[in-house]
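# Structural overview for review
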Amino acid sequence: MTGWARAAAVARKDLRMEWRGRAAAVTSLLTGLLLVLVLGVALGPDPARAAAVVWVAVGSAAAVGIPRITQAEADQQALEALLLYPGRREHLYWGKAASLAVLLGAVAAVVLAVAGVLFALPLGGRLVPLAAVTGAGVASLAALGTLLAGLLLHVRGRELLMPLLLLPLALPPLLACIRLTDAILTGTPAGVWPGVLAAAVAVFGLACPILFEVVVDDA
Amino acid sequence: MSGSAVLGTAAMLLLAGAVYAGLVASPPDAFQGDYVRIMYVHVPTAWTAYLAVATTLVAGVLFLWKRDPRYDALTRSATELAVLFTGLTLATGSIWGRPVWGVWWTWDARLVTTAILFLIYCAALLVRALADDPRRGARLGAVVGILGAVDVPLIHYSVVWFRTLHQPPSITRGEIALAPPMLRALLLSVLAFTVLFAYLLALRVRVARLEDVGDGG
Amino acid sequence: MTPALWIALAYGLVAATVLLYVLRLRRRLRQARPHGREGGKS
């Protein structure tokens, strides 16, 4: 089996297991929607705040959901079994990152749609740029989140530590997504933010797979 | 006299000199008045904090590469010093900001970056402490330390642009033209804190090495 | 508060924190050091 087929197999396995239980998807989606509601009430209905509300909600939803993606591995010590297969661990990382990206992408799409209704945002006709920004933001969160999920696998209280690690480290892509979403919705220039988002995707996409191998190494 | 004692004595003497230069031998600033003297302790703590972060990055990479426990002791010590000095930087910055700017905190990029770094390095210490196996904790703590250090420029510039593109910063730090005695006081205290950092790092590494031996490796 | 108090607060805070940290490290050093090996390894 080639590396990429292996990565795809890991992603399929994760998504199938998630589809059966749906624990991570449902809890993180509900967290995201709850935050949209709470922040909307607290900050008021000003559409100018909607982009910040959406991405704070998506970031927090990710922090809630990500620890679950290695739950099965933690419960059944299945990661050790996966690691016994020959070949490079990087594909395990990319498989998990892909399934996490699908999960977070779905959460982000629903959160954005609900925020669009609640804040009366002009989403229609801007779906392609919005999808591109959301996709890149989700990719950076998934790249970082997969590393953190592996990192916290053998740490006590990993659900508690996940937000403490994810949110400060993911601050640059979250800020970039807020400004870009805002720019798309109001039709203002994007400025430096595509570069910041691309830099975040590149930095996390390069550093996290390498560090993941160190993290899951059982030696 | 051991190397550590030499470093400690040198740090003490330099710090005493820096306090003299900062409090007695330098004039008050034209704009900030005597409050500029707080800068002689705030700037060096910030410098030391970033020195500790850089040390964590280098030592962490070396540890993950060579897997030598001595580099782990260095990484662990530098992470702890990074938390200590980012915390002190935030505190002294607030103490300076309150009388000069009238506020304890502004959303300046440097402040936000330092606060975020403080949190990331606290998390690195927590991950290390809560890992189920100290050897695994060493690796995980190094990974968080490296990730935090690599993320610093990204965090800093994203906060700078986030704050400046929409609204101009309400308070800008004016260009401070430093008179020679003030520059001397600042450089002397930066030097003193650098030596202090070396002393603290050496001391902390010794403690870490001895405690590792006590734990049976 | 007068400038002197603010300055004393900043200098005092840093000095006290560093001093307490050094004292704590030295105590841990004494506790961790096996007995009878004082000065044997520096």
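Only a predicted model underlies this, so the values are computations on that prediction, with no experimental measurement involved.

So, about unusual backbone geometry. A positive phi angle is found at Ala-120 of chain A, which is not glycine, with a value near 55°. Mapping Ala-120 of chain A onto the fold places it in the loop between α6 (90-118) and α7 (127-151). You will see that Arg-67 of chain B, though not glycine, has its phi angle at about 55°, which is positive. For Arg-67 of chain B, a count of 15 C-beta atoms within 10 Å corresponds to the partly exposed category.

Opposite the 25 residues of chain B that make contact, chain C presents 17 residues. The element best represented in the side of chain B that touches chain C is helix α6 (residues 180-214) of chain B, accounting for 8 residues. Residue classes in the side of chain B that touches chain C are distributed as 13 nonpolar, 7 polar and 5 charged.

Let us now look at the interface of chain B and chain A. Between chain B and chain A, the residue contacts involve 26 residues of the former and 25 residues of the latter. Looking at the side of chain B that touches chain A, the elements with two or more residues in it are α4 (109-130) and α5 (134-166) of chain B. A total of 16 residues in the side of chain B that touches chain A trace back to one element, the largest contributor, which is α5 of chain B. For the side of chain B that touches chain A, the class distribution of residues is 20 nonpolar, 2 polar and 4 charged.

A general tendency of soluble globular proteins is for nonpolar side chains to be buried together. Judged by nonpolar contacts, the single largest core of 154 residues is most densely connected at Val-54, Leu-104, Val-111, Leu-144, Leu-148 and Leu-166 of chain A together with Val-143 of chain B. Not counting chain neighbours up to four residues away, the residues in contact with Leu-104 of chain A comprise Ala-62, Val-138, Leu-141 and Ala-142 of chain A.

The rules behind the values
- Residues numbered from 1 in each chain as written.
- Chains lettered and ligands numbered in written order.
- Predicted model: local features only at pLDDT ≥ 70, side-chain atom pairs only at ≥ 80, totals over all residues.
- Helix = DSSP H or I, 4+ residues; strand = E, 2+ residues; numbered from the N terminus.
- Buried ≥ 20, exposed ≤ 12 C-beta atoms within 10 Å, placed from the backbone.
- Contact = placed C-beta atoms within 7 Å.
- Nonpolar A, V, L, I, M, F, W, Y, C, P; charged D, E, K, R; others polar.
- Core = buried A, V, L, I, M, F, W, Y, C linked by C-beta atoms within 7 Å.

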